[in-house]
Amino acid sequence: MRQGDVRNAPIEALEQRFPLIVEARALRQDSGGAGKFRGGLGVDITLRGLVSGRWNMLANGRDRFPPWGLHGGKPGGGSGHKVQLPGDPTWAGMNTSRHLLSAGARVRTSTESGGGWGSPLERDPGRVAEDVRQDYVSIAAAREEYGVVLTTDMVGDVVVDLVATEALRAQLRLIPANQGN
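Residues numbered from 1 in each chain as written. Predicted model: local features only at pLDDT ≥ 70, side-chain atom pairs only at ≥ 80, totals over all residues. Heavy atoms only, no water.

Novice: Please clarify how the pattern of salt bridges should be interpreted in this entry.
Specialist: Pairs can form between side chains of opposite charge whenever their charged atoms are close. Applying the stated criterion to the full structure yields eight salt bridges. The salt bridge partner of R48 is E23, with a shortest N-O separation of 2.8 Å. You can see R48 sitting in strand β2 (residues 43-49) and its partner E23 sitting in strand β1 (residues 20-27), a full 25 residues away along the chain. When its relative accessible area of 29% is taken as the criterion, R48 is described as partly exposed. Residue E23 is classed as partly exposed on the basis of its relative accessible area, which comes to 35%. Taking the shortest distance from any N to any O, the salt bridge between E130 and R133 comes out at 2.9 Å. (Salt bridge = Lys/Arg side-chain N within 4 Å of Asp/Glu carboxyl O. Helix = DSSP H or I, 4+ residues; strand = E, 2+ residues; numbered from the N terminus. Buried < 20%, exposed > 50% of the residue type's maximum accessible area, 1.4 Å probe, protein only.)

Quick look at the structure:
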């Protein structure tokens, strides 16, 4: 089986071809740049090696220079690699080629995400609420980045408090752009 340039191969294909287990592959909440049009989310992939071997964990530059936002949009999240050795509860950043890891080591790769376009304070509050329902954006980021105040209704659904949202957005518009970060 050839992988080619495909970077999102099926988990089963990876596990069949390489001596590893894919423990998790998920969209990274709050990684897309805030904007009227939110940037696409990055992905976190956690792998566990089943045998000792050499791993390539080279940064592509997006670890230091994340994708930028445009027209008032915020930058997206950067990429990176982390390693957790067997028996060690901590994760260490890694940027190397052909690094020897023992069996049982775990590697977490985070892909970069897209930058936002337009002011986050112009994003439709209903779309922000849907982003929260889908776990793309946290409730904290909805408030801090988008100025959207969310509550829950009687059945536990996330809903927008329009009056509080307009008041918060008016307050956030008074803060100079370079102080909001």
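Novice: I'm lost on helix α4 (residues 162-173) in this one. Help?
Specialist: An α-helix turns once per 3.6 residues; consequently, residues spaced three or four apart project the same way. Given a rise of 1.5 Å per residue, twelve residues ought to cover 16 Å, and the 16 Å separating the end C-alpha atoms of α4 matches this to within 8%. All of the buried residues in α4 are T165, L168 and R169. On an axial view of α4, the arc spanned by its buried residues comes to 100°, and they lie on one face. More than 90 degrees from the buried face of α4, the exposed residues found are V163 and Q171. Those residues of α4 hidden inside the fold are in contact with α2 (125-133), α3 (139-144) and β9 (158-160). (Expected span 1.5 Å × (residues − 1). Arc of directions from axis to C-beta. Contact = heavy atoms within 4.5 Å.)

Novice: Mind showing me how you'd approach unusual backbone geometry here?
Specialist: Glycine aside, residues mostly have negative phi angles, and peptide bonds mostly take the trans form. At R98, a residue that is not glycine, the phi angle is positive and equals roughly 55°. By the secondary structure assignment, R98 is in strand β6 (residues 96-101). According to the relative accessible area criterion, R98 is exposed, its value standing at 52%. Of note in this structure, D135 is not a glycine but carries a positive phi near 70°. Take D135: it is sitting in the loop between α2 and α3. Overall, D135 belongs to the exposed group, its relative accessible area being 53%.

Novice: Explanation requested: the packing of aromatic side chains in the structure shown.
Specialist: Note on aromatic pairs: each is described by the distance of the centres and the angle between the planes. One pass over the structure, following the stated rule, counts one aromatic pair. A centroid spacing of 5.7 Å and a plane angle of 45° characterise the contact between F37 and W117, whose relative ring orientation is tilted. Residue F37 is found in the loop between β1 and β2, and its partner W117 is found in the loop between β7 (106-110) and α2; the two are separated by 80 residues along the sequence. (Phe/Tyr/Trp six-rings, centres within 6.5 Å; stacked < 30°, edge-to-face > 60°.)

Novice: Please clarify how the nonpolar core should be interpreted in this entry.
Specialist: Inside soluble globular proteins, nonpolar side chains tend to come together where they are buried. Core analysis: the biggest nonpolar cluster contains 13 residues, and L47, W55, M57, V83, L101 and V107 have the highest contact counts within it. Looking at this core, the elements that each hand over two or more residues are β1, β2 and β3 (53-57). Sequence-distant contacts of V83, that is, excluding residues within four places in its chain, are made with M57, T90, W91, A92, M94, L101, R106 and V107. (Core = buried A, V, L, I, M, F, W, Y, C linked by side-chain atoms within 4.5 Å.)

Novice: Got a minute to help me understand the sheet that holds β1 in this structure?
Specialist: Strand pairing in a sheet takes place through backbone hydrogen bonds and is either antiparallel or parallel in direction. Read across the open sheet, the five strands follow the order β1-β2-β7-β4-β5; overall the sheet is antiparallel. Each having just a single partner strand, β1 and β5 (92-93) make up the two edges of the open sheet. Judged from the five bridges that link them, β2 and β7 form a sheet pairing that is antiparallel. Across the sheet, the residue bridging to I45 is T109, located in β7. (Pairing = 2+ DSSP bridges.)

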